[in-house]
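Here are the chains, one letter per residue:
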Amino acid sequence: MSMWTDMTGVDFRLGYVDAGGIRTRTLRAGEGEAVVFLHGTSGHLEAFVRNIPAHAAAGYACHAIDMIGHGYTTGPDYPYRIPRYVEHVLAYLDTCGIDRAHFVGESLGGWVAGRLAADHPDRVSRLTLVAPGGTVANPAVMERIKTSTRKAVESDDIAFTRKRLELLMFDPAANVSDELVEIRHAIYHQPEFVKALPNLLCLQEMENRLEDLLSPEQMARITAPTLIVWGAQNPFGDVPEAHALHRSISGSTLEIFPECGHWPQHEHADRFNTLHLGFLSGAQA
């Protein structure tokens with residue numbers, strides 16, 4: 001069974017748009033209020049194939065994109081700092097004629113979405129942060145991300161790509177398919193991706209990360225209704241980090257999924273989809 005089997009019965013379009021001069025890969029499905037899905041470091045839009053069908057069926061216009069320098073989106077030759085990501089996402093919204101959207105940001109995507117919500121509140125309706133990064137600078141975690149990603153990109157051995165994906169999951173056997181590994185391996189071994197790797201990993205360098213962290217002042221400026229989803233076994237952030245984030249964003253809701261790693265939206269897709277659709281509808285704060 002293919003991971004794209006999850007999209008069976010969904011009228012979706014996979015293609016490219018020019019977002020501020022950056023050729024951006026996007027998957028779009030459904031009609032209604034816009035929901036923009038943003039992936040994590042070295043990730044790609046396939047992180048959300050288990051979520052888009054349910055959201056499209058519920059009456060939302062889903063937009064999953066490869067962020068700047070990720071997946072099959074162009075990687076300009078400059079460090080990919082948070083303001084650059086935000087600028088790119090805003091350009092995507094403008095290109096698609098979207099004035100305001102709901103955002104689902106996983107890991108790095110949560111960091112970007114959080115900064116966007118703080119600085120551009122007029123563009124964000126509701127905000128969902130899925131195991132978001134960007135609130136702490138943990139040298140051990142940063143090194144783990146750098147080392148595992150570099151090994152997977154610099155070696156032709158697909159086993160390193162599998163290990164990079166397995167790192168994200170509580171239950172790798174059930175959630176890291178051969179196809180997902182092959183998709184990421186192909187992305188990692190594009191010449192442009194290999195060339196851009198130092199730019200992509202720049203936020204794992206302490207001087208860059210500290211400057212770009214979501215500050216308490218920034219988080220206090222987030223006015224959009226906010227849902228935080230965290231995995232109890234998240235390898236890139238302990239549960240106290242989730243509680244601190246929850247306290248920093250006024251009125252936010254925190255849900256911690258048991259037996260779950262860094263991809264709650266993938267490992268527990270049915271639970272996530274039900275929870276998130278209730279949140280978007282206003283049934284949950």
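Residues numbered from 1 in each chain as written. Predicted model: local features only at pLDDT ≥ 70, side-chain atom pairs only at ≥ 80, totals over all residues. Heavy atoms only, no water.

### Quick look at the overall build of the protein
Move 1: Counting secondary structure elements, the protein contains 13 helices and 8 strands.
Move 2: In summary, the protein has a C-alpha radius of gyration of 17 Å against a globular reference of 19 Å for 285 residues, a match within 12%.
Move 3: With respect to the principal axes defined by its C-alpha atoms, the protein has extents near 45 × 45 × 40 Å.
Move 4: Looking at the 285 residues of the protein, the share that counts as buried comes to 58%.
Move 5: Within the protein, residue pairs in contact and separated by at least 24 positions form 73% of the contacts whose partners lie at least 6 positions apart.
Move 6: About 11200 Å² of surface is accessible on the protein, with carbon and sulfur atoms providing 51% of the total.
Move 7: Averaged over its 24 positive side-chain charges, the protein has a centre that lies 3 Å from the centre of its 35 negative ones. (Helix = DSSP H or I, 4+ residues; strand = E, 2+ residues; numbered from the N terminus. Rg over C-alpha atoms; globule rule 2.2 N^0.38 Å. Buried < 20%, exposed > 50% of the residue type's maximum accessible area, 1.4 Å probe, protein only. Contact = heavy atoms within 4.5 Å. Areas by Shrake-Rupley, 256 points an atom, 1.4 Å probe, with all protein chains shown as cover. Lys, Arg positive; Asp, Glu negative; His and termini not counted. Charge placed at Lys NZ, Arg CZ, Asp CG, Glu CD.)

### Overview of the state of the cysteines
Move 1: Applying the stated criterion across every chain, the model contains 0 disulfides.
Move 2: The cysteine Cys62 is free of any disulfide, with Cys96 supplying the nearest cysteine sulfur at 13 Å.
Move 3: Given the relative accessible area of 1%, Cys62 is considered buried. (Disulfide = S-S within 2.5 Å.)

### Considering the nonpolar core
Move 1: Core analysis: the biggest nonpolar cluster contains 92 residues, and Leu38, Ile52, Tyr85, Phe103, Val112 and Leu127 have the highest contact counts within it.
Move 2: Excluding anything up to four places from it in sequence, Val112 contacts Leu38, Met67, Ile82, Tyr85, Val86 and Val89. (Core = buried A, V, L, I, M, F, W, Y, C linked by side-chain atoms within 4.5 Å.)

### Considerations on the pairing of strand E5 (residues 101-106)
Move 1: The buried count for E5 comes to 6 of 6 residues, which makes it a mostly enclosed element.
Move 2: Burial along E5 is two-sided: Ala101, Phe103 and Gly105 facing one way and His102, Val104 and Glu106 facing the other are all buried.
Move 3: Where strand E3 (residues 33-38) lies against E5, 4 bridges are found, and the strand directions are parallel. Bridge pairing links Val36 to Phe103 in E5.
Move 4: Both E5 and strand E6 (residues 124-130) contribute to a ladder of 5 bridges, which runs parallel. Each bridged residue has a counterpart across the sheet, and for Glu106 the counterpart in E6 is Val130.
Move 5: Chirality of the crossover, the property in question, places the unit of E5, helix H3 (residues 108-119) and E6 among those that are right-handed. (Pairing = 2+ DSSP bridges. Right-handed = clockwise from strand over helix to strand, strands pointing away.)

### Comments concerning the packing of aromatic side chains
Move 1: Scanning the model with the defined rule gives 4 aromatic pairs in all.
Move 2: With a centroid separation of 6.4 Å and 65° between ring planes, the pair formed by Tyr80 and Tyr85 is classed as edge-to-face. Across the pair, exposure class does not vary: Tyr80 and Tyr85 are buried alike.
Move 3: One aromatic cluster is present, formed by Tyr78, Tyr80 and Tyr85 through successive ring pairs.
Move 4: The ring of Tyr16 has Arg23 sitting right over it, with the charged end atom 3.6 Å from the ring centre. (Phe/Tyr/Trp six-rings, centres within 6.5 Å; stacked < 30°, edge-to-face > 60°. Lys NZ or Arg CZ within 6 Å of the ring centre and 35° of its normal.)

### Here's the deal with the side chain of Arg164
Move 1: Within the secondary structure, Arg164 sits in helix H5 (residues 158-166).
Move 2: We note that Arg164 is buried and unpaired, the nearest opposite charge coming from Glu106 at a distance of 8.3 Å.
Move 3: Side chain to side chain, Arg164 and Ser148 meet in a polar contact 3.5 Å long.
Move 4: Discounting residues that sit within four places of it in the chain, Arg164 has contacts with Thr41, Ser42, Ile145, Ser148, Thr149, Ala152, Arg184, Tyr188 and Phe236. (Salt bridge = Lys/Arg side-chain N within 4 Å of Asp/Glu carboxyl O. Polar contact = N/O pair within 3.5 Å; in protein donor to acceptor, adjacent residues only side chain to side chain.)

The values reported here are purely geometric and, on their own, carry no functional implication.
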